[in-house]
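Residues per chain are reported as follows:
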Amino acid sequence: MGKYKLTYFNGPGRAEVIRLLFSAAKVEFEDHRFGFEQWPTIKQEMPFNQVPVLYIDGTPLCESGAIFRYLATEFGMNGANSLQAAYIEMVHGVLHDVYSKVPYMENDAKVKKEKTTEVHQEHILPALKKIEKKFSESKRQFLVGDKLSYADLKLMNSLILTEERAPEILPQLPNLCALRDRVRNLDGVKQYLASRPESIF
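Small disclaimer: the values here were computed from a predicted structure and weren't measured. (Residues numbered from 1 in each chain as written. Predicted model: local features only at pLDDT ≥ 70, side-chain atom pairs only at ≥ 80, totals over all residues. Heavy atoms only, no water.)

Novice: How would you explain the pattern of salt bridges if you had to name every residue and give the values?
Specialist: Enumeration according to the criterion identifies 13 salt bridges in this entry. One salt bridge connects E16 with R196, and the closest N-O pair in it is separated by 2.6 Å. Separated by 180 residues along the polypeptide, E16 in helix 1 (residues 16-25) and R196 in the segment after helix 8 (189-195) bring together distant segments of the chain. For R184, the salt bridge goes to E163, with nearest N and O atoms at 2.9 Å. Within this pair, whereas R184 is found in helix 7 (residues 174-184), its partner E163 is found in helix 6 (residues 150-165), the two being separated by 21 residues in sequence. The class for R184 is buried, based on a relative accessible area of 19%. One continuous salt-bridge network, built from bridges that share partners, spans E16, R19, D31, R33 and R196. (Salt bridge = Lys/Arg side-chain N within 4 Å of Asp/Glu carboxyl O. Helix = DSSP H or I, 4+ residues; strand = E, 2+ residues; numbered from the N terminus. Buried < 20%, exposed > 50% of the residue type's maximum accessible area, 1.4 Å probe, protein only.)

Novice: Go over the sheet that holds strand 4 (residues 59-62) with me, naming the residues and quoting the values.
Specialist: Strands sit in the order 2-1-3-4 across an open sheet of four strands; the sheet is mixed. Lying at the two open borders of the sheet, with one neighbouring strand each, are strand 2 (30-34) and strand 4. Going across the sheet, the axis of each strand differs from the next one's by a mean of 20 degrees, ignoring polarity. Packing of helix 1 onto the sheet brings it into contact with strand 1 (4-9), strand 2 and strand 3 (53-56), and relative to strand 1 it is tilted by some 150 degrees. Packing against the sheet, helix 3 (residues 64-74) makes contact with strand 1, strand 3 and strand 4, and its axis sits at approximately 110 degrees to strand 4. (Pairing = 2+ DSSP bridges. Axes fitted to C-alpha atoms, helices over the stretch in contact; angles between N-to-C directions. Contact = heavy atoms within 4.5 Å.)

Novice: Tell me about the packing of helix 1 against helix 6, residues and numbers included.
Specialist: Packing of helix 1 against helix 6 leaves a shortest axis separation of 10 Å and a crossing angle of 120 degrees. Here helix 1 runs over helix 6; the crossing is right-handed. When helix 1 is examined against helix 6, the residues E16, V17, L20, L21 and A24 are found in contact with a partner set consisting of Y150, L153, K154, M156 and N157. For the contact of helix 1 with helix 6, the residue count by class is seven nonpolar, one polar and two charged. (Left-handed = near helix turned anticlockwise from the far one by under 90°. Nonpolar A, V, L, I, M, F, W, Y, C, P; charged D, E, K, R; others polar.)

Novice: So what's going on with the side chain of T7? Residues and values would help.
Specialist: Position of T7 relative to the elements: it lies in strand 1. Setting aside residues no more than four positions away along its own chain, T7 makes contact with H32, F34, I42, M46, V51, P52, V53 and Y55.

Novice: Can you break down the packing of aromatic side chains residue by residue, with the values?
Specialist: Taken as a whole and judged by the stated rule, the model has nine aromatic pairs. Ring centres 4.4 Å apart and planes at 15 degrees place the aromatic pair F22 and F29 in the stacked group. Joined through ring pairs, the aromatic side chains of Y8, F9, F34, F36 and W39 make up one cluster. Above the face of the Y55 ring, K5 is positioned so that its terminal group lies 5.8 Å from the ring centre. (Phe/Tyr/Trp six-rings, centres within 6.5 Å; stacked < 30°, edge-to-face > 60°. Lys NZ or Arg CZ within 6 Å of the ring centre and 35° of its normal.)

Novice: I'd love a proper account of the side chain of R33, names of residues and values included.
Specialist: The residue R33 is located in strand 2 in this model. Under the relative-accessibility criterion, R33 is labelled buried at 18%. Only 2.9 Å separates the side chain of R33 from the side chain of D31, close enough to count as a polar contact. Sequence-distant contacts of R33, defined by excluding residues within four places in its chain, comprise Y8, F9, N10, G11, E16, R19, Y192, R196 and P197. (Polar contact = N/O pair within 3.5 Å; in protein donor to acceptor, adjacent residues only side chain to side chain.)

Given below as structure tokens:
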């Protein structure tokens, strides 16, 4: 297995599923984080002037989707076949789409809270209720197949954000919350969550 270095801002964003994959697999990596003030300099060093970038034995791999799909495949967290892999990507995509509407960069605290609540009610909750229904009907322990995937890691991390910013919707999602708790207590994931820096977003 190669030597890994992940370069991204000091926040979750597009890199958090990548960090969680390493943690769940218990694979060591260098978590290179930086602040906004360092970005103009670091940007010029990036292959496509964007992050995240994963260096594998010094060779860069760009684009978050390419990175986490590669790692998930390497670590056995991308389904048992190509159809499961497609459904895992589908779930991740749905969660990414609705959670990307949260106003992470809003500076006005009151406006940020109001908009976050609005996004949860109008976009996030409807999507999560559909996933909750399908997951409940499946009687499975994980979202796709019979083992942990990056879709489960994405869901867990998303619901932790909701837990912090719009907890009032969570009673409507009992099965997803139970999955969140199972995943957050996995060895490796639990330790990472306990030690990860506070987000700048």
